[in-house]
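A closer look at the structure
These are the residues of each chain, in order.
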Amino acid sequence: MPIIASNFKTNHTRKSTTLFVNEVNNFLKKNKISNEVYIFPTSTSLDHFETVPNLIIGVQNAYPTTSGSFTGEIGTFQLNEFEIKTILIGHSERRHILGETQETITKKYEFYKNLGYKIIYCIGEPLEIKKQGIEKTLEYIYEQFIGIDVNYSNLILAYEPVWAIGTGVTATIDDIKNVHNAIKQKINKPLLYGGSVKVENVREICQIENVDGALIGTASWKVEDFIEILENTKDL
Ligand SMILES: O=C(CO)COP(=O)(O)O
């Protein structure tokens, strides 16, 4: 049964997030779907959601602190208000747009690991690396594991090639297979694929060997589409 996750990025409001979560929750309940489903809303839309146990609300980012003086950031004091225990770390947009270094990411990872958070840890190569072939790609990806305890029991990995994120260009089945097989040989953790996953291709992608689910941005933001994605994968 694949794990399906929606990353809202900088989309939705508090109001529309509540409607979205409630609708997904009702769908899962009504259809008795027990797949693990994650939703990562914006920090401003966190709330007390009543959900079935397999619908988990996580945070897209947080600072490795309880509270303090870190302008623009949130810590566990804010997350605890909503019993958030799941976090995305290492997303390529945080690495490449927001300038997070491997060192910053490692600190965040250690902090949230020590608190027992479920961590969805993202890795993936940019286009110029992909063009250099599979060996260079894997080399680049393995560098993103430096300082990361890959034996952590509450870890899910997400392979998201940067060139496939938000571009409409999905990696080919072979691209996904090659990278997933190689990572799985080294690290035996659930491994999601992300990067232009859509209603039309989610089922095929989730059936690839060593793909344990999908982390979806753009195609998950309309609740009808996200529900269709869940519908298309529920029996896998
Ligand atoms: O970054 C992603 C999920 O975290 C993928 O984004 P898209 O589905 O928009 O390509």
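Because the structure is a prediction, the values reported are computed rather than measured. (Residues numbered from 1 in each chain as written. Predicted model: local features only at pLDDT ≥ 70, side-chain atom pairs only at ≥ 80, totals over all residues. Heavy atoms only, no water.)

Take the site of the ligand next. Taken together, 13 residues form the shell around the ligand, and within it Lys 9, His 91, Gly 166, Ser 196 and Thr 218 come nearest. Between the ligand and Lys 9 there is a distance of 2.8 Å, counted from an oxygen atom to a side-chain nitrogen or oxygen. Separating an oxygen atom of the ligand from a backbone N or O atom of Gly 217 is a distance of 2.9 Å. Relative to its unbound accessible surface of 310 Å², the ligand loses 99% to contact with the protein. Residue classes in the shell around the ligand are distributed as four nonpolar, seven polar and two charged. (Near = heavy atom within 4 Å. Polar contact = N/O pair within 3.5 Å; in protein donor to acceptor, adjacent residues only side chain to side chain. Areas by Shrake-Rupley, 256 points an atom, 1.4 Å probe, with all protein chains shown as cover. Nonpolar A, V, L, I, M, F, W, Y, C, P; charged D, E, K, R; others polar.)

Turning our attention to the UniProt feature "binding site: substrate" (unreviewed entry) in the chain. Under the UniProt annotation, the feature "binding site: substrate" (unreviewed entry) is placed at Asn 7, Phe 8, Lys 9, Gly 166 and Ser 196. In sequence the annotated residues extend across 190 residues, while in space they remain close, none of their C-alpha pairs exceeding 13.9 Å. Tracing the backbone through its elements, the reader meets Phe 8 in the loop between strand E1 (3-7) and helix H1 (14-30). Look at Phe 8 and you get buried, because its relative accessible area is 0%. Those residues in contact with Phe 8 that lie beyond four places of it in its chain are Thr 17, Phe 20, Ile 39, Phe 40, Pro 41, Thr 42, Gln 60 and Trp 221. Inspection of the secondary structure assignment puts Ser 196 in the loop between strand E7 (191-194) and helix H8 (202-206). (UniProt positions renumbered as here; feature names shortened; annotations may be inferred. Helix = DSSP H or I, 4+ residues; strand = E, 2+ residues; numbered from the N terminus. Buried < 20%, exposed > 50% of the residue type's maximum accessible area, 1.4 Å probe, protein only. Contact = heavy atoms within 4.5 Å.)

With that out of the way, let us pick up the sheet that holds strand E6 (residues 155-159). Taken together, the eight strands give an open sheet; going across it, the order is E3-E2-E1-E8-E7-E6-E5-E4, and neighbouring strands pair in parallel fashion. Only two strands of the sheet have a single partner each, and these edge strands are strand E3 (55-57) and strand E4 (86-89). Neighbour-to-neighbour, the strand axes of this sheet turn through a mean angle of 20 degrees, independent of strand direction. Inspection of the sheet shows E1 paired to strand E8 (residues 213-216) by four bridges, in the parallel sense. By the bridge assignment, Ala 5 is partnered in E8 with Leu 215. Packing against the sheet, helix H7 (residues 173-186) makes contact with strand E5 (118-123), E6 and E7, and its axis sits at approximately 155 degrees to E7. (Pairing = 2+ DSSP bridges. Axes fitted to C-alpha atoms, helices over the stretch in contact; angles between N-to-C directions.)

Here we take up the side chain of Ser 92. Mapped onto the fold, Ser 92 is located in helix H3 (residues 92-97). Here Ser 92 falls in the buried class, since its relative accessible area comes to 9%.

Scanning the entire structure with this criterion turns up 10 aromatic pairs. Directly above the ring of Tyr 142 sits Lys 186, whose terminal nitrogen or CZ lies 4.4 Å from the centroid. (Phe/Tyr/Trp six-rings, centres within 6.5 Å; stacked < 30°, edge-to-face > 60°. Lys NZ or Arg CZ within 6 Å of the ring centre and 35° of its normal.)

Excluding glycine, residues mostly have negative phi values, and the peptide bonds linking residues are mostly trans. Despite not being glycine, Lys 9 has its phi angle at roughly 50 degrees, a positive value. Among the structural elements, Lys 9 can be located in the loop between E1 and H1. Unusually for a residue other than glycine, His 12 sits at a positive phi of about 75 degrees. With respect to the secondary-structure elements, His 12 resides in the loop between E1 and H1. Given a relative accessible area of 27%, His 12 falls into the partly exposed group.

Here we take up the UniProt feature "active site" (unreviewed entry) in the chain. The UniProt feature table records "active site" (unreviewed entry) at His 91 and Glu 160. On the basis of their most widely separated C-alpha atoms, the annotated residues across 70 residues gather in one place, lying no more than 8.3 Å apart. Note on placement: His 91 falls in the loop between E4 and H3. Note that Glu 160 resides in the loop between E6 and H7. Non-local contacts of Glu 160, meaning those with residues more than four positions away in its chain, are made with His 91, Cys 122, Ile 123, Gly 124, Glu 125, Ile 165, Gly 194, Gly 195 and Leu 215. Only 3.0 Å separates the side chain of Glu 160 from the side chain of His 91, close enough to count as a polar contact.

Under the defined criterion, the tally for this structure stands at 12 salt bridges. Here Lys 113 makes a salt bridge to Glu 110, at a shortest N to O gap of 3.4 Å. Here the residue Lys 113 and the residue Glu 110 both occupy positions in helix H4 (residues 102-114), the gap between them amounting to three residues, near one helical turn. Overall, Lys 113 belongs to the buried group, its relative accessible area being 17%. Sharing partners across several salt bridges, the network here consists of Arg 94, Glu 100 and Lys 108. (Salt bridge = Lys/Arg side-chain N within 4 Å of Asp/Glu carboxyl O.)

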